[in-house]
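A look at the structure
Residue-level listing of the chains:
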Amino acid sequence: MDEKDTTPERQGPEGPPEGPVSLVGLNHKTAPLPARERWSFPAEQAAALLEAMRDRGLVVLSTCNRTEIYGLGDPGSLLEAVAAHTGRTIGPDRAFFYLFDEQGAVRHLFRVAAGLDSQIVGEAQIQGQIRAALDMAQRAASIGPELRALFEHAIRVGKRARAETKIGEGTIDAGHAGILLASKVYHHPAEHPVLLIGSGKVGRLAARVFRDAGAKEFRVTSRTAERAAALAAEFGAEARPFEELDAAIAEADIVISSTASPDPIVDHARLNKICHVRGQRPLVIIDLAIPRDFAPDVARIPSVFLCNIDDLTAIVKENVRGREGEVPKVERIVEEEAEKYASLRRYRTDVEPLLESLYRESEAIQRAELDPLRDRIDPEAFSRVEAAMRSVSRKLLFLQTERVKALRDGGGLGPDEARILRRIFHPQAESDGGRP
Amino acid sequence: MLILQLLNTFLPVAYAILAFEYGRRLVRGGPDENPPLAAVGALAGVHLIATALRGFILDHCPCVTGPEVVSLLALSMVLVHVVLERLAGLRGTGFFVIGIAFILQFFASALSAPVQRVEVHESFRGWQSAVHVHLAILGYAGFGIAAAHGVVYLVLYGLIRGRNYGPVFQKLPSLDVLDRLLGAAIVVGLVFFTLGIISGALNVTRLERARPPWPAITAGVTWILFLALLVLRRRPAWKGRRSAWLAVGGLAVVCVGLLLSESLHRLVSG
């Protein structure tokens, strides 16, 4: 954990307070499903919590894999307060929670946004969930500039991680794995005729992926004419009678099958004949039925590329492994962005007020120098002198301000730099240990 | 001579290292990258310099002995592949092309070691023979590229049917793309090879002495074999796996013919 700052600070007269961020949360890595269920916050409950704890400045990120509450002040007391407001008992669940404050919380949120903390590394859904959590907090007016800046920065980190690395690449669902497999036989699978056999849910999902990829020639067939008609309507496809299955397979290059048949509907001899009719053109069969619709030995036919649900799962696993290879690069981005965020925050909290006080002091010095002249020279000349002095002063300060901002933007505004700036420009505040 | 000996040893080693690097990037997970073009270009450059030096030091066109032709074939394949890789954005086939180039260069270096001066018939110092040999080599390079794509086709076919969905499966282009490239390479190879045969026939008429039959037999068998493959490919059943096997077998026949027929055109020592 990072340095602690246990009390919310700089509470304004209106709106949520400001101060260092803390986080309490549990996720699929730290907590079993029952515990995650106990601490999940459906939208209405999350909105109620935000309303009730507005004084702590709150954002609730609740998904099927995690519940994370970002707020101000000490994370331990934040957890107690959340439990108290929602009538839940922490008890033994305390062991499942992680508590972070300041930079720990920032780093964690950035890792979550980059997909490093997801069950499937790099999945993109989490970015939308973070955006939704931020929107909900804004609607409930439970969020101040500090948390808003943090969440907006986190969304940018997520985008950067996916743009600069391959953490989000590769297929991670069965439908797309089917397309990938077909694309290893046919470069543009969508340009080849697709046949959907049966109305099983998994098969329909896979067929939708092909349709969404632009498959134009779609045919469907089912044992019952009504189901075939329904499928044809869903996919804008041509319905073929089940009795014409052989002809339909012969016309297709890609077959997706998911019937509820207890036995294979196509055996080796039957498919061999079909392949002969096809002139041994490659045939991709994605058999998603359990039990399988195509006898396993049809894979012996040289022009047949048969895959089942296990093969698609294997492809997904391979892709996830590929994404894991990108993790070190994304970790570096997270670290870099966390430093940048710390620098920005330090600028907002330590340096910006210092610069404001410098401008105020400069104005005061000008007034002190100019006031004695006011009655000794004519008003027009006085105005010119006043404008010239103000211009010189602002230009001088502007240059210094820009240099400090450049330091901030490069992530180089560390605690030492902030202290030196205070010591140079506001020694009184430094010796008091306070801000200007 | 020492520099030629060194280059003769260096080239297969360098091809092996490059093939290893392509292979390493192919089998590892993560981003799909090829070795830097500069490395491939540098090796091709060294190969070109070695070929030119050979011609200069040995005082003959460096493509008259079997090993010399095989070495030039390796170089041509690498150059054609670099163009394909950069222009067509082809990924995943480099290991196989460079791998075949390594095998060719290995045999070329092994069979020409130690490097010795050979006597070349005067008539083969003319531009006519240079045109003939270069056209023929471009034809062989086409067949070599076809064979390389045939190897990739067979590897991917095996991976899909063996349910091996690792990084190699992910990075190779599709079977139909490989098959199309194989077909295109055969067409290009046949065009150049046919021109090479015609120019060779014209060249022979200039020669005063009798020609041994081996080069003509080798060229004839190669031409018939690849033309037959092209004709057979008009049937769907002969595309894909069968074409791939035939292209690989065809290249093997070409290489054996080139290397075993004592020397390509018996140009050495009269």
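Residues numbered from 1 in each chain as written. Chains lettered and ligands numbered in written order. Predicted model: local features only at pLDDT ≥ 70, side-chain atom pairs only at ≥ 80, totals over all residues. Heavy atoms only, no water.

Details of the overall build of chain B
The helix and strand inventory of chain B stands at nine helices and zero strands. The burial tally for chain B puts 52% of its 270 residues in the buried class. The contacts of chain B with a sequence gap of at least 6 include a subset with a gap of at least 24, amounting to 83%. Split by element, the accessible area of chain B, about 11900 Å² in all, is 71% carbon and sulfur. (Helix = DSSP H or I, 4+ residues; strand = E, 2+ residues; numbered from the N terminus. Buried < 20%, exposed > 50% of the residue type's maximum accessible area, 1.4 Å probe, protein only. Contact = heavy atoms within 4.5 Å. Areas by Shrake-Rupley, 256 points an atom, 1.4 Å probe, with all protein chains shown as cover.)

What about the pattern of salt bridges?
Residue and element names in this part refer to chain A. Under the definition given, this model contains 41 salt bridges over all chains. When the shortest N-O distance is used, the salt bridge between Arg-94 and Glu-80 registers 2.6 Å. Placement of Arg-94 in the loop between helix H3 (75-86) and strand E4 (98-101) and of Glu-80 in helix H3 is noted, with a sequence separation of 14 residues between them. For Arg-348, the salt bridge is made with Glu-146, and the minimal N-O distance between the two is 3.3 Å. Residue Arg-348 is located in helix H13 (residues 327-370), and its partner Glu-146 is located in helix H6 (residues 145-164); the two are separated by 202 residues in the primary sequence. (Salt bridge = Lys/Arg side-chain N within 4 Å of Asp/Glu carboxyl O.)

Re the sheet that holds strand E8 (residues 254-257) of chain A
All names here are of chain A. Strand order in the open sheet formed by six strands is E7-E6-E5-E8-E9-E10, and the pairing between neighbours is parallel. A single partner strand is all that each edge strand has here, and the edge strands are strand E7 (238-241) and strand E10 (304-308). For this sheet, the mean inter-axis angle between neighbouring strands, taken without regard to orientation, is 20°. Pairing of strand E5 (residues 194-197) with E8, which is carried by four bridges, proceeds in the parallel orientation. Looking at the pairing, Val-194 lines up with Ile-254 of E8. Helix H9 (residues 225-235) rests against E5, strand E6 (218-222) and E7 of the sheet, and its axis sits at about 160° to E6. (Pairing = 2+ DSSP bridges. Axes fitted to C-alpha atoms, helices over the stretch in contact; angles between N-to-C directions.)

What to know about helix H2 (residues 43-52) of chain A
Residues Ala-46, Leu-49 and Leu-50 of chain A constitute the buried set of H2 of chain A. Seen from one end, H2 of chain A has its buried residues packed into an arc of 100°, which puts them on one side. (Arc of directions from axis to C-beta.)

With respect to the interface of chain B and chain A
Every contact between the two is made by 22 residues of chain B and, on the other side, 28 residues of chain A. Buried area between chain B and chain A, both sides added, is near 1900 Å², and the carbon and sulfur share of it is 55%. The largest per-residue losses of area from chain B upon contact with chain A belong to Arg-161, Arg-163 and Tyr-165 of chain B, which jointly make up 30% of the total buried on that side. On the surface where chain B and chain A come into contact, there are one salt bridge. Between Arg-163 of chain B and Asp-311 of chain A there is a salt bridge, with the nearest N and O atoms lying 2.9 Å from each other. Along the contact surface separating chain B from chain A lie 16 residue pairs in polar contact (both at pLDDT 80 or more). Elements with a minimum of two residues in the side of chain B that touches chain A: helix H5 (127-161), helix H6 (167-171) and helix H7 (175-206) of chain B. Split by residue class, the side of chain B that touches chain A holds 12 nonpolar, four polar and six charged. (Buried area = accessible area lost by both parts, 1.4 Å probe. Polar contact = N/O pair within 3.5 Å; in protein donor to acceptor, adjacent residues only side chain to side chain. Nonpolar A, V, L, I, M, F, W, Y, C, P; charged D, E, K, R; others polar.)

Examining the pairing of E8 of chain A
All names here are of chain A. Burial along E8 is two-sided: the residues Ile-254 and Ile-256 and Val-255 and Ser-257 are all buried. Bridging between E8 and strand E9 (residues 283-287) involves four bridges; their strand directions are parallel. Across the sheet, the residue bridging to Ser-257 is Asp-287, located in E9. For the crossover that starts at E8, traverses helix H11 (residues 268-277) and ends in the parallel E9, the hand is right-handed. (Right-handed = clockwise from strand over helix to strand, strands pointing away.)

Here's the deal with the pairing of E10 of chain A
Residue and element names in this part refer to chain A. With respect to burial, E10 is a largely interior element, five of its five residues being buried. The two faces of E10 match: Val-304, Leu-306 and Asn-308 on one face and Phe-305 and Cys-307 on the other face are all buried. In terms of strand pairing, E9 meets E10 through five bridges, oriented parallel. Of the residues in E10, the one forming a bridge with Leu-283 is Val-304.

As for the sheet that holds strand E2 (residues 59-62) of chain A
Residues and elements named next belong to chain A. Read across the sheet, four strands follow the order E2-E3-E1-E4 without closing on themselves; strand pairing throughout is antiparallel. Looking at strand neighbours, the two that pair on one side only are E2 and E4, the edges of this open sheet. Strand-to-strand twist in this sheet, taken as the mean axis angle between neighbours without regard to direction, amounts to 15°. In the sheet, strand E1 (residues 21-27) pairs with E4 via four bridges, with the strands oriented antiparallel. Within the sheet, the bridge partner assigned to Leu-23 lies in E4 and is Phe-100. Its contacts with the sheet put helix H5 (residues 125-139) on E2 and strand E3 (66-72), and the angle it makes with E2 is roughly 145°.

Here's the deal with the side chain of Arg-160 of chain A
Residues and elements named next belong to chain A. For Arg-160, the location among the structural elements is in helix H6. Accessibility expressed as a relative area gives 19% for Arg-160, which makes it buried. With residues up to four places along the chain from it excluded, the contact list for Arg-160 reads Ile-333, Glu-336 and Glu-337.

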